Amino acid sequence: MDKITIEQSKTLFQMAQRQFDEAAALLDLSSGMRAFLRVPMQELHIRFPVRMDDGSTRVFEGFRVQYNSARGPTKGGLRFHPEETIDTVRALAAWMTWKTAVVDLPLGGAKGGVVCDVKKLSVGELERVSRRYIRHISRNLGVNEDIPAPDMYTTPQIMAWMLDEFESIRGYSEFGVITGKPLALGGSIGRVDATARGGMYAIREAARVLGMHTAGATMAVQGFGNVGKYTATLGEELLGCKVVAVSDIGGALYNDKGFDTGELFNYQMTHGGLVSTYPEGERISNKELLELEVDILAPAALENVITAENAPRIKSKIVAELANGPTTPDADAILVDKGIYVIPDILCNSGGVIVSNFEMVQNVYGYYWGTNRVHERLDRKISTAFIDMHQRAKELGVNNRKAAYAVAIERVAEAVRLRGWVD
Ligand code: GLU
């Protein structure tokens, strides 16, 4: 992916706080409530040793930020990324808090991360890093406390090792402590493509509001990780879109006739997860992909890819934020001025945590749902949240992001008030 630096050296967490402040200003909140909701409640910052294959020991750094637990146990993924910092994890934990609230899940928000490059670790090393990390934060985890899940560069296999480590510490089975597990270990049907599928339901609702047909609409997808690849395939399958551009870390591909997304999917499976080496299509950069004249642009990779610098050149009708934090606040204002319809990340990519919640419910009940039930309930959750956001946007006369934040912040604030924490 082309490297894009954070706008005007602001940190990601400052960006998350600015989004919070802008929405909070629309609401009737006490100054104490505002002060409390703009910071995390608890942060774990750990360092742990791992024996490497060559016999040496390496010290890894990890984080878990449990941002707010007023609405329920905290929930959110784990990223294994070489540039992870406490600041990025803080921002992502804040976004999880607003995300679970806007789709009305009985959960708070959290995020975790380990500073590491999974591509440079052997399978054995990756397993030891995963187990050690969980061991070090296990006292603060539990189905009623905090529930991790996959995120960037973490997989169902990693969740399986972590579950096993956690259960061996506790001495009993607790499937619900972690979600995004493999099916054979208490995972839920439909969790793997849930983030992308939820995004497709949100795009369908946006198209309805805009009076636009998705059949034949052009779509560009940035990123071909777990979210991006299913966004491409489901964009074609569920919405009938013509996927004209895809990308990964090595660059982007453009085909004005539309790609056969099933073929792209199979190609990356057999080519180390890469799609940019696919032999057909015109080679373009990730930067060019973002600026294509398409109906739907789906950033599905990193944060901070739509900035004040490139926002004036974005030409899509809809920006569907499948990634967390892809648009900076300054860029946001530019997109709004241009009349681009943004489906904010906290709603657009909430399908993952929604089906994670379904997974926890199934784990606690010990009774598992079929595909239709998962898909129908996911659709209902996203569609209801979309209507809540849309109505709030009309009432307040603001854009979708501010409206989604307003709905979320009000829900969290109500729980905080009812608990008697802050007036
Ligand atoms: N990592 C995903 C997200 O950012 C899912 C989190 C979860 O399932 O808990 O929403």
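Because the structure is a prediction, the values reported are computed rather than measured. (Residues numbered from 1 in each chain as written. Predicted model: local features only at pLDDT ≥ 70, side-chain atom pairs only at ≥ 80, totals over all residues. Heavy atoms only, no water.)

Q: How should I be thinking about the environment of Pro-82 in this particular structure?
A: One can find Pro-82 in the loop between β3 (74-80) and α3 (86-102). The class for Pro-82 is partly exposed, based on a relative accessible area of 39%. Expressed as a C-alpha distance, the spacing of Pro-82 and Gly-211, which sit 129 residues apart in the sequence, is 43 Å. When sequence neighbours within four positions are dropped, the list of residues in contact with Pro-82 reads Val-115, Cys-116 and Asp-117. (Helix = DSSP H or I, 4+ residues; strand = E, 2+ residues; numbered from the N terminus. Buried < 20%, exposed > 50% of the residue type's maximum accessible area, 1.4 Å probe, protein only. Contact = heavy atoms within 4.5 Å.)

Q: Teacher, can you tell me more about the sheet that holds strand β8 (residues 251-254) here?
A: Two strands in a sheet stick together by hydrogen bonds in their backbones, pointing the same way (parallel) or opposite ways (antiparallel). Taken in spatial order, the seven strands line up as β9-β8-β7-β6-β10-β11-β12 in an open sheet, and their pairing is mixed. The outermost strands of the open sheet, each flanked by one partner alone, are β9 (282-284) and β12 (341-343). If you compare each strand with its neighbour and ignore which way they point, the axes differ by 20° on average. Bridge count between strand β6 (residues 218-222) and strand β7 (residues 242-248): three bridges; the pairing is parallel. Its bridge partner being in β7, Ala-220 is matched across the sheet by Ala-245. (Pairing = 2+ DSSP bridges. Axes fitted to C-alpha atoms, helices over the stretch in contact; angles between N-to-C directions.)

Q: What should I look at first to understand the site of the ligand in this one?
A: Every one of the 14 residues lining the ligand counts as a neighbour, but Lys-75, Lys-99, Lys-111, Asp-151 and Ser-356 are closest to it. Within the side chain of Asn-324, one N or O atom sits 3.1 Å away from an oxygen atom of the ligand. A distance of 2.6 Å separates an oxygen atom of the ligand from a polar side-chain atom of Ser-356. Contact with the protein chains removes 95% of the 290 Å² of surface that the ligand exposes when unbound. When contributions to the shell around the ligand are tallied by element, the ones reaching two or more residues are β3, α3, β5 (146-150) and α12 (351-365). Taken together, the residues of the shell around the ligand break down into four nonpolar, five polar and five charged. (Near = heavy atom within 4 Å. Polar contact = N/O pair within 3.5 Å; in protein donor to acceptor, adjacent residues only side chain to side chain. Areas by Shrake-Rupley, 256 points an atom, 1.4 Å probe, with all protein chains shown as cover. Nonpolar A, V, L, I, M, F, W, Y, C, P; charged D, E, K, R; others polar.)

Q: Is there a simple way to explain the confidence of the model for the protein in this structure?
A: Interpretation of this model should avoid reading the predicted coordinates in detail wherever pLDDT is low. Predicted confidence across the protein gives a mean pLDDT of 96, with 98% of residues reaching 70 or more. pLDDT under 50 marks residues 1-9. Its contacts with residues more than four places away, or in other chains, come to 25 contacts. (pLDDT = per-residue confidence, 0-100.)

Q: I keep staring at the layout of surface pockets and nothing clicks. Help me out?
A: If you roll a probe as big as a water molecule over the atoms, it shows you where there is empty space left. Quantified by volume, the second largest pocket comes out at close to 210 Å³. Lining the second largest pocket are 15 residues, and of these Ile-340, Tyr-341, Val-342, Asn-399 and Asn-400 sit closest to its centre. Elements with a minimum of two residues in the lining of the second largest pocket: α10 (329-337), β12, α13 (371-396) and α14 (400-419). Its residues assigned to classes, the lining of the second largest pocket shows eight nonpolar, four polar and three charged. (1 Å grid on protein atoms, 1.4 Å probe; cavity = no way out; pocket = protein on both sides within 12 Å on 5 of 7 lines; lining within 4 Å. Points joined across faces, edges and corners; volume = space filled by probe spheres on them.)

Q: What's the story with the pairing of strand β10 (residues 296-299) in this structure? I'm lost.
A: Side chains on a regular strand alternate between the two faces of the sheet. Burial of β10 is two-sided: the residues Ile-296 and Ala-298 facing one way and the residues Leu-297 and Pro-299 facing the other way are all buried. Sheet analysis places β6 next to β10, joined by four bridges and oriented parallel. Counted as the bridge partner of Met-219 is Ile-296 from β10. Summarising the sheet, β10 and strand β11 (residues 318-320) pair through two bridges and their orientation is parallel. In the sheet register, Leu-297 faces β11, and the bridge partner there is Val-319.

Q: It is not clear to me how the sheet that holds strand β1 (residues 42-51) should be interpreted in this structure. Could you clarify?
A: Strand order across the open sheet formed by five strands is β1-β2-β4-β3-β5, with mixed pairing between neighbours. Pairing within the sheet leaves two strands with one partner each, and these edge strands are β1 and β5. Averaged over all neighbouring strand pairs, the angle between strand axes comes to 20°, with direction disregarded. Relative to strand β2 (residues 57-68), β1 runs antiparallel, the two being bridged by ten bridges. Considered in β2, the bridge of Arg-51 is made with Thr-57.

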